[in-house]
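# Summary of structural features
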Amino acid sequence: MSFTTISVVGLGYIGLPTAAAFASRQCQVIGVDVNQHAVDTINRGEIHIVEPDLDNVVKTAVENGYLRAVTRPLTADAYLIAVPTPFKGDHEPDLRYVKAAAESIAPVLKKGALVVLESTSPVGATEQMAGWLAELRPDLSFPQQAGEQADINIAYCPERVLPGQVMIELIKNDRVIGGMTAVCSTRACELYNIFLEGECVVTHSRTAEMCKLTENSFRDVNIAFANELSLICAENGINVWELISLANRHPRVNILQPGPGVGGHCIAVDPWFIVAQSPQYARLIRTAREVNDSKPLWVIERVKAAVADCLSDTEGRASDVTLACFGLSFKPNIDDLRESPAMSIAEKLACWHKGKTLIVEPNIDSLPGSLAAHSELVSLDVALQQADVLVLLVDHHEFKAITGEQIKQPWVVDTKGIWR
Ligand code: SAJ
């Protein structure tokens, strides 16, 4: 095997599971992360993120000596870069972490190494990274200079795993492999085939970059369609969930589900990379982002209207009305609150509301600081007993188990269509 030592740079939601997958196949894996806490945690055989089944794989890999973490890269046969690519300014892709990763591996790169970029990236990022590496190591040749004969091979291979199912999808999903040359692609396939059960499909690095952006934009546009329908249906007194289930009986219609907005750090971010690249043409993709981003504001207006209704019906004082928000995470049955529309809705409502705001989130033990001052984390039963106005924000399985009879309140804003 031409890969004895594999280094994974960035030990987050993608890097750590990937490092663990290689280590579980008895490869020597060196994980690299600038976060000392993450490095120390992993070296104790523990994990610093929440992902089903990851803890055991990491524990076994560390105990058996196949995985160790460091803060600065060491020499390896292959480097996999899985660092964040957020945006800056007006939704422009920010490659600063990719650049920092390239700068950190450059001094230890040896002839024959393979460098794979996995981070979601704008088109051309892999070539850009190859350029940074070539500047830092003029003693080595790179694919943009020496083609198939290059000392260093470079490829783009996007991660496509679904949070919550990473350990399954990492092994089973097909991989798109975008080598800068045919040799680069062949070597990248060889690398992933160490643990992959899915197929490696080879293309150019630019197509592979665009493929990842396309997948997430496809989902965003389709969710935007569902969210737009939910507004139109609300205005016309139609139950959007019934409508969608009826329309989906057509053999060529498959509408996704509306919700409080689109969250997470992928689908709400990646389409902007296409917009930044081709603003003139990416009209639908931009509009979809705007539709999904505006959904939380619409939900907040609905809740304000429900509170006003409750007040006029009960002739109460605003401070007597108790509001309960159900769910904070960005999607069901996880504890991840990052970029969560439910979280931003709950924060804004808690600040605005004069009475008590209760929060139910079965996947966390304490409220984040931004909510702690204005609201209270309570159990599902307490919220159902005490609240006047119910706001369902996430379809956690605990909430789906609630039956219509358990909900006595007439004022319910249900963004997922599971209660009303
Ligand atoms: N959502 C809806 N309606 C739906 C489906 C989802 O409102 O019908 C919302 C969710 O509630 C959530 C957001 O969309 O707020 C995103 O959730 P998701 O489950 O669609 O996707 P992510 O962000 O967890 O993971 C996506 C996946 N991409 C695709 O399915 C095309 C995953 O495969 C990628 O690897 C991941 O992005 C990534 O890292 O890019």
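Cut-offs and rules
Residues numbered from 1 in each chain as written. Predicted model: local features only at pLDDT ≥ 70, side-chain atom pairs only at ≥ 80, totals over all residues. Heavy atoms only, no water. Helix = DSSP H or I, 4+ residues; strand = E, 2+ residues; numbered from the N terminus. Rg over C-alpha atoms; globule rule 2.2 N^0.38 Å. Buried < 20%, exposed > 50% of the residue type's maximum accessible area, 1.4 Å probe, protein only. Contact = heavy atoms within 4.5 Å. Areas by Shrake-Rupley, 256 points an atom, 1.4 Å probe, with all protein chains shown as cover. Lys, Arg positive; Asp, Glu negative; His and termini not counted. Charge placed at Lys NZ, Arg CZ, Asp CG, Glu CD. Near = heavy atom within 4 Å. Polar contact = N/O pair within 3.5 Å; in protein donor to acceptor, adjacent residues only side chain to side chain. Nonpolar A, V, L, I, M, F, W, Y, C, P; charged D, E, K, R; others polar. Domains from an automatic or database assignment. Axes fitted to C-alpha atoms, helices over the stretch in contact; angles between N-to-C directions. Left-handed = near helix turned anticlockwise from the far one by under 90°. Pairing = 2+ DSSP bridges. Buried area = accessible area lost by both parts, 1.4 Å probe. Salt bridge = Lys/Arg side-chain N within 4 Å of Asp/Glu carboxyl O.

## Let's talk about the overall build of the protein
Along the protein, the regular secondary structure elements total 16 helices and 15 strands. Its C-alpha atoms give the protein a radius of gyration of 24 Å, near enough to 22 Å, the size a compact globule of 420 residues would have. For the protein, the spread of C-alpha atoms along the three principal axes comes to 80 × 50 × 40 Å. Across the 420 residues that make up the protein, the buried fraction comes to 52%. Across the protein, the fraction of contacts at a sequence separation of at least 24, relative to all contacts at a separation of at least 6, is 69%. Roughly 19000 Å² of accessible area belongs to the protein as shown, and the carbon and sulfur atoms make up 51% of that amount. Taking the average place of the 36 positive charges on the side chains of the protein and the average place of its 51 negative ones, the gap between the two points comes to 2 Å.

## Here's the deal with the site of the ligand
Not every one of the 19 residues close to the ligand is listed here, only the nearest: Glu159, Val161, Lys212, Arg219 and Phe330. For the ligand, an oxygen atom lies 2.6 Å from a polar atom in the side chain of Glu159. Its free accessible area being 780 Å², the ligand has 88% of it covered by the protein chains. Examining the composition of the shell around the ligand, we find that five residues originate from one element, helix H9 (residues 205-235), more than from any other. In terms of residue class, the shell around the ligand is built from nine nonpolar, three polar and seven charged. Lining the shell around the ligand are residues from two domains, each supplying at least three of them: domain 1 (5-198) and domain 2 (216-414).

## Overview of the packing of helix H4 (residues 96-105) against helix H5 (residues 125-136)
Remark: H4 packs on H5, axes separated minimally by 9 Å, with the N-to-C direction vectors making an angle of 35°. Like other packed secondary-structure pairs, H4 and H5 cross with a definite hand, here right-handed. Residues Val98, Lys99, Ala102, Glu103 and Ile105 of H4 pack against Met129, Trp132, Leu133 and Leu136 of H5.

## Looking at the environment of Ser379
Within the secondary structure layout, Ser379 lies in the loop between strand S13 (376-377) and helix H15 (380-386). Along the primary structure Ser379 and Asp90 are separated by 289 residues, whereas in three dimensions their C-alpha atoms are 40 Å apart.

## Focus on the sheet that holds strand S7 (residues 114-117)
In any sheet, the strands associate via hydrogen bonds between backbone groups, in a parallel or an antiparallel arrangement. Strands sit in the order S3-S2-S1-S4-S7-S8-S9-S10 across an open sheet of eight strands; the sheet is mixed. The open sheet has two free edges, formed respectively by strand S3 (67-70) and strand S10 (200-204), since each of these has just one partner strand. Within the sheet, the average angular offset between the axes of one strand and its neighbour, ignoring direction, is 25°. In the sheet, strand S4 (residues 78-81) pairs with S7 via four bridges, with the strands oriented parallel. Across the sheet, residue Tyr79 finds its bridge partner in S7, namely Val115. Sheet contacts for H4: strand S1 (5-9), S4 and S7; angle to S4, the most-contacted strand, approximately 160°.

## Here's the deal with the domain arrangement of the protein
Each domain of the protein was delimited in the assignment, giving domain 1 (5-198) and domain 2 (216-414). With centres defined by C-alpha atoms, the gap from domain 1 to domain 2 works out at 35 Å. On the domain 2 side, the residues contacting the 14 residues of domain 1 number eleven residues. Taken together, the two surfaces of domain 1 and domain 2 that pack against each other cover about 1100 Å², and 65% of this comes from carbon and sulfur. Run the count over domain 1 and domain 2 and you get zero salt bridges. There are one residue pair in polar contact (both at pLDDT 80 or more) connecting domain 1 and domain 2. Classifying every residue of the side of domain 1 that touches domain 2 gives nine nonpolar, four polar and one charged.

## Things to note about the sheet that holds S13
On the basis of which strands lie adjacent, the open sheet formed by five strands has the order S13-S12-S11-S14-S15 and parallel pairing. In the strand order of this sheet, the two ends are held by S13 and strand S15 (411-414), each with one partner. Note: strand S14 (residues 389-392) against S15, four bridges, orientation parallel. For Leu392, the partnering residue across the bridge sits in S15 and is Asp414. Of the strands in this sheet, strand S11 (323-326), S14 and S15 are in contact with helix H12 (residues 283-314), which crosses S15 at around 175°.

## Describing the pattern of salt bridges
For the structure on display, the rule yields 17 salt bridges. The partner of Lys59 in a salt bridge is Glu63, with the nearest N and O atoms 3.2 Å apart. Of this pair, Lys59 and Glu63 both sit in helix H3 (residues 54-63), four residues apart, which is roughly one turn of the helix. The class of Glu63 is exposed, set by a relative accessible area of 57%. Between Glu290 and Arg286 there is a salt bridge, and its shortest N-O distance comes to 3.8 Å. Taken as a pair, Glu290 and Arg286 lie in helix H12 at a separation of four residues, close to a single helical turn.

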